[in-house]
Amino acid sequence: MKSALLPERGAGDRMTAIFWRRPRVLLALLITPPLLWLGVVYIGSLAALLLQSFYSIDEFSGLVVHEFTLKTYIELLRPANFDIIRRTLLMSASVTLASAVLAFPIAYYAARYATGRWKAVFYLGVMLPLWSSYLVKVYAWKLILAKEGIITWVADGLGLGFLLDAALALPGVGGNSLSTSFLGTFIVFVYVWLPYMILPMQAALERVPKSMLEASADLGASSAQTFRTVILPLAMPGVVAGSIFTFSLTMGDYIIPQIIGTSARFIGLAVYQLQGTAGNLPLAAAFAVVPIIIMLIYLSLAKRAGAFDAL
Amino acid sequence: MRSENRAPKSLTLAAIGGLLFLHLPIMLIFLYAFTTEERTYQFPPPGLTLKWFAVAWNRADIWPPLYLSLMVAAISTMMALILGTLCAAAMARARFFGRNQLSLLIILPIALPGVITGMSLRSAFSLMDIPFSTLTIILGHATFCIVIVFNNAVARFRRLSGSITEASADLGANSFQTFRYILLPNLGSALLAGAMLAFALSFDEVIVTTFTAGQQSTLPIWMLQELVRPRQRPVTNVVAIVVFATTFIPILIAYYLTRGGSETAGGGK
């Protein structure tokens, strides 16, 4: 090119010229490798999961029959399997609720009152437990909840051993010790997923303008009224956003109920056992499709509640 | 008169109580690594000893899982670094068809429960008769690490002013020189932070790994087996401290690397 200011210096310059004239070429070059990876590895696997769930297992040989059938999905509705799904949903819902209640004071304080150094303390204070090793956190609770562990020791020391015994005597959720009861499973779930609730909640609360709270006070609202009619509605998208995490993570987890709790199964544990020792891949796949469908419904509801603006 | 900016006492107490609830349990692991009690989780420990560190060091069954975990984390991080950065570069400026769907696709591996990612990969390996190997573990880890690098990189890309790349072009640099001398130095700390977090996530991952590892064991899988069927409990405590430190330190570094920016190191784990 005669009009070029500088002479071309090789392939790099030539390609730059192409990128300049056709930005789409650069875009395509950038996007293709990650797209291929996610498309093949991830979407491909999800498709394999779906496909597998429509296969069935031969009861005599124990081999997977590669023929389309709805038999496996019908099996999900058997009382024993349906119980697993119901139990998982109940646990996810209670964990989400408890996390929201526990998260609120932390999120509210961090959003409204913490400044400077304290802001950083709160940020790291939530971020570090969120990121630190999941297995180590679960393990720590195994130590804490054990019959000979610190909770029993503290309760006995304070003369509150009867309260602990009363909690463990509760039908349905109690057990021999906290580490072998539903109560224990519940506590550990709440602990492990709590930071995922705090962060979006704090983000939503930070966006509540201070002037609104002042206006509410000027108009004669008590702090309880301000909380109920101003803060809570405005924080709701954050709560819903956080609940997406706590709900989804509880629903899919199989490590916690395996280590802490009764031997009652949850969806995650059922998937794990079915694909492993039982060797029933189709039923395991069908079980794994359940949380996907529930999360899709949940996400579309959350989208309507405006939760994605708070993420 | 009560100042407007002072929190009510009950709120302060609840907030601090919440933070303690998040942190105290982890501290306990450190105490238990020194206990003399071998068979139970007795509290308070009857005595303190340093011997478990030596015992753990000499246990031959801990080293191979540790090496495997380090290798998987390193390779997955490298792959996620490349793929995540490419994705961020494409998504940061351009508007194109399917952009929203793509951003959903990137987040999906971490938004859906790990058991789904794991079971999906397991189904695919089974349908295609792919035997379990180190490669199958890496495949899973790299997939959910992409989003971590992506989040860090895309935030930095958005903060970078477009005019610096234009200035670079005006001064005669081609795209590759602009990348090498302008973009890379500016992206550096964000990419390093993303890599640190991806490494921590991969090193610690257990749910997806149990589905893709077959008979191999990474350090978290080793720990899980010890949790289900304990053999020498204090040795597990020592390993727990090692796992904790190996994830904790990169997270702290990532925090300091991205502090003050609009991007938050942990956003969207």
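For the structure itself, look to the data block above.
Now for a description of the structure that goes with this document. (Residues numbered from 1 in each chain as written. Chains lettered and ligands numbered in written order. Predicted model: local features only at pLDDT ≥ 70, side-chain atom pairs only at ≥ 80, totals over all residues. Heavy atoms only, no water.)

1. What to know about the overall build of chain B
Alright, step 1. Counting its regular elements, chain B contains eleven helices and zero strands.
Alright, step 2. Ordering the α and β elements of chain B from the N terminus gives α-α-α-α-α-α-α-α-α-α-α.
Alright, step 3. The buried share of chain B, reckoned over its 269 residues, is 52%.
Alright, step 4. Sequence-distant contacts in chain B: of pairs separated by 6 or more residues, those separated by 24 or more amount to 72%.
Alright, step 5. Only carbon and sulfur atoms are counted for the fraction: they give 65% of the accessible area of chain B, which is about 12100 Å².
Alright, step 6. Between the averaged position of the 19 positive side-chain charges in chain B and that of its 11 negative side-chain charges there is a distance of 5 Å. (Helix = DSSP H or I, 4+ residues; strand = E, 2+ residues; numbered from the N terminus. Buried < 20%, exposed > 50% of the residue type's maximum accessible area, 1.4 Å probe, protein only. Contact = heavy atoms within 4.5 Å. Areas by Shrake-Rupley, 256 points an atom, 1.4 Å probe, with all protein chains shown as cover. Lys, Arg positive; Asp, Glu negative; His and termini not counted. Charge placed at Lys NZ, Arg CZ, Asp CG, Glu CD.)

2. Overview of the overall build of chain A
Alright, step 1. The number of helices and strands found in chain A is 14 helices and two strands.
Alright, step 2. For chain A, whose C-alpha radius of gyration is 26 Å, the value lies well above the compact-globule estimate of 19 Å for 311 residues.
Alright, step 3. Each principal axis of the C-alpha distribution contributes one length, and for chain A these read about 95 × 75 × 35 Å.
Alright, step 4. Counting the 311 residues in chain A, one finds 51% classified as buried.
Alright, step 5. Sequence-distant contacts, at least 24 apart, represent 67% of the contacts inside chain A between residues at least 6 apart.
Alright, step 6. In the structure as shown, chain A presents an accessible area of about 15100 Å², 68% of it carried by carbon and sulfur atoms.
Alright, step 7. Charged side chains in chain A number 22 positive and 15 negative. The centres of these two groups are separated by 11 Å. (Rg over C-alpha atoms; globule rule 2.2 N^0.38 Å.)

3. Quick notes on the pattern of salt bridges
Alright, step 1. This model, assessed by the stated rule, comprises four salt bridges over all chains.
Alright, step 2. With its nearest N and O atoms 3.2 Å apart, the salt bridge here joins Asp83 of chain A to Arg86 of chain A. With Asp83 of chain A and Arg86 of chain A both in helix H4 (residues 79-112), this residue pair falls three residues apart, about one helical turn.
Alright, step 3. In this structure, Arg59 of chain B engages Asp61 of chain B in a salt bridge whose closest nitrogen and oxygen atoms are separated by 2.9 Å.
Alright, step 4. Taking the relative accessible area as the measure of exposure, Arg59 of chain B reaches 15% and is therefore buried. (Salt bridge = Lys/Arg side-chain N within 4 Å of Asp/Glu carboxyl O.)

4. Topic: the interface of chain B and chain A
Alright, step 1. Each partner contributes residues to the interface: chain B has 91 residues there, and chain A has 86 residues.
Alright, step 2. In this assembly, chain B packs against chain A so that about 8100 Å² is buried in total across both faces, 78% of it on carbon and sulfur atoms.
Alright, step 3. Taken together, chain B and chain A are joined by zero salt bridges.
Alright, step 4. Here chain B is connected to chain A by ten residue pairs in polar contact (both at pLDDT 80 or more).
Alright, step 5. The greatest single-element share of the side of chain B that touches chain A, amounting to 14 residues, is contributed by helix H1 (residues 9-32) of chain B.
Alright, step 6. Residue composition of the side of chain B that touches chain A, by class: 62 nonpolar, 22 polar and seven charged. (Buried area = accessible area lost by both parts, 1.4 Å probe. Polar contact = N/O pair within 3.5 Å; in protein donor to acceptor, adjacent residues only side chain to side chain. Nonpolar A, V, L, I, M, F, W, Y, C, P; charged D, E, K, R; others polar.)

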